[in-house]
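Single-letter residue listing:
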Amino acid sequence: MWIFAIIKRVFLTGYNKVMNKNILNHEKSGLSLDKRKAGLLSLWMFCLIMPVCGLIAGSFFDWSIDEALFNPNIQWAILFGYIGPLPVYINLMTSVWLLIDGFYGKSHKNTQTTRMVLWKNIWRILGMSAVILTIDLTQFELNHSHFAPMVWITFFLSLLGAMICHKAFRSFSPVEKIQAAFFLILTSCIGMILVSMIKHIWQRPRFIALEQLNPSAGKADYSAFKNWWQISRTPLPPALEALKIKDPDLFYSFVSGHTCSASMSFAMLIVILHNSKAWKHRCQLTALCLFWTMATGLSRIILGKHFLSDISGGMIVGLVSMMILLHLLYSESFNSWLRRQKIFQ
């Protein structure tokens, strides 16, 4: 229980710092600040306890769950293989718009020159191009070609989501917009970097890789199964080694990058819920984030790409990285440094 006590203290410290930046308009809200704190803390703890329980359950039932649910032909699961990381793309695109608003915002409202408008549009184009390239790189394994139709479909869905989310930041000051942008960008990037590092260290075989070892038997080879806490250090059997040389991606099971990306929807949720008008929709927004994260994780199990412990680990990485960055980016030192910049003088 001391672990959760530390988590609670870190969360409340970071959250209090956010509250002190006047991001919330308490008069327009029917709830007190204490009730908001309690509500968001309960949400955070619930969302963190879920994957912890999943990690524990996966320690005992990883294999049996995948064996029971494995069906690579289910269409909705295939679809979520493409659009599951959508929250990361939305976060990145929204961040670009927030940075543009912050640097070319209220301080320049009455001095919009042709050159300034040109630079704003150039940055928008560069930002959207970066998102398109990110989508293309992450989907290349599925499409086996660059800029396939699903890349553009995912991009337009991300654009639509970013347009909707961007409306929640209209009442934010330029400094607050840049803080939110840094939080969204760094949460997404650091989360995915941590996932990539863990994948390369653990090198856990995917269920679908074990299923390919003995295709004539019609079921996966349990003898090559590894639990999530077993880091790959011993030489692999010849059959597995040959499979690894042929397709290294089959050995990046722990943790799930798709689920970590889906959990980034909570990063956007935390920032948006600081807006008083959005607070009344907290239940619907939380349900949407939970649905998206759980549907993405379930789809990865069904497709044989991950085990239950993998998707639980991915969600933990995403949530913990959010908590740490919330604590750092809304600190007094960072806020003071940001306000001292010439752009805000």
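Residues numbered from 1 in each chain as written. Predicted model: local features only at pLDDT ≥ 70, side-chain atom pairs only at ≥ 80, totals over all residues. Heavy atoms only, no water.

K.L.:
Before we move on, could you go through the overall build of the protein and cite the residues and values that matter?
P.N.:
Looking only at helices and strands, the protein features 15 helices and 0 strands. Counting all 345 residues of the protein, 52% fall into the buried class. Accessible surface, the protein: about 17,000 Å² in total, of which carbon and sulfur atoms supply 68%. (Helix = DSSP H or I, 4+ residues; strand = E, 2+ residues; numbered from the N terminus. Buried < 20%, exposed > 50% of the residue type's maximum accessible area, 1.4 Å probe, protein only. Areas by Shrake-Rupley, 256 points an atom, 1.4 Å probe, with all protein chains shown as cover.)

K.L.:
Got a sec to walk through the packing of aromatic side chains? Specific residues and values, please.
P.N.:
As enumerated under the stated definition, the model contains 13 aromatic pairs in all. Considering the side-chain rings of Trp63 and Phe225, the 5.5 Å spacing of their centres and the 65° angle between planes classify their relative orientation as edge-to-face. Here Trp63 is found in helix α2 (residues 33-69), whereas its partner Phe225 is found in the loop between α8 (207-213) and α9 (238-246), with 162 residues between them in sequence. Like Trp63, the residue Phe225 is buried in the burial classification. Judged by centre distance (6.0 Å) and plane angle (85°), the ring pair of Trp228 and Trp229 falls under edge-to-face. (Phe/Tyr/Trp six-rings, centres within 6.5 Å; stacked < 30°, edge-to-face > 60°.)

K.L.:
Any chance you could break down the side chain of Ser59 for me, citing the residues and the numbers?
P.N.:
On the secondary structure map, Ser59 appears in helix α2. Overall, Ser59 belongs to the buried group, its relative accessible area being 18%. At 2.8 Å, the side chain of Ser59 forms a polar contact with the side chain of Trp228. Setting aside chain neighbours within four positions, we find Ser59 in contact with Asn227, Trp228 and Trp229. (Polar contact = N/O pair within 3.5 Å; in protein donor to acceptor, adjacent residues only side chain to side chain. Contact = heavy atoms within 4.5 Å.)

K.L.:
Give me the lowdown on a nonpolar patch on the surface, citing residues and values where you can.
P.N.:
On the surface, a cluster of nonpolar side chains totalling about 530 Å² of accessible area is made up of Leu186, Ile190, Ile193, Leu194, Met197, Ile201 and Ile231. Note on placement: Ile193 falls in helix α7 (residues 174-202). (Patch = residues over 30% accessible without salt bridge, like charges linked within 9 Å, V, L, I, M, F, W, Y side chains within 5 Å. Salt bridge = Lys/Arg side-chain N within 4 Å of Asp/Glu carboxyl O.)

K.L.:
Give me the packing of α7 against helix α14 (residues 308-329): which residues, what numbers.
P.N.:
Taken N-terminus to C-terminus, the directions of α7 and α14 make an angle of 140°; their axes are 9 Å apart at the nearest point. Here α14 runs oblique to α7, going by the angle between their axes. Our pair here, α7 against α14, has a crossing hand that is right-handed. Listed contacts from α14 to Gln179, Phe182, Phe183, Leu186, Thr187, Ile190, Gly191, Leu194, Val195 and Ile198 of α7 are Val317, Ser321, Met322, Leu325, Leu326 and Leu329. In the contact of α7 with α14, the residues fall into 12 nonpolar, 4 polar and no charged. (Axes fitted to C-alpha atoms, helices over the stretch in contact; angles between N-to-C directions. Parallel < 35°, antiparallel > 145°, perpendicular 65-115°, else oblique. Left-handed = near helix turned anticlockwise from the far one by under 90°. Nonpolar A, V, L, I, M, F, W, Y, C, P; charged D, E, K, R; others polar.)

K.L.:
Requested: an account of the confidence of the model for the protein, with residues and values cited.
P.N.:
With 76% of its residues at a pLDDT of 70 or more, the protein shows a mean pLDDT of 76. Within the protein, helix α1 (residues 2-19) has the poorest average pLDDT of any element, 47, and helix α3 (residues 75-83) the best, 89. (pLDDT = per-residue confidence, 0-100.)

K.L.:
Report on unusual backbone geometry, specifying residues and quantitative values.
P.N.:
In this structure, the amide linkage connecting Phe254 to the following residue, Val255, adopts the cis form with an omega of 5°. Along the polypeptide, Val255 turns up in the loop between α9 and α10 (257-263). In the Ramachandran plot, Gln203 falls in the positive-phi region, its phi being about 50° despite a non-glycine side chain. Along the chain, Gln203 turns up in the loop between α7 and α8.

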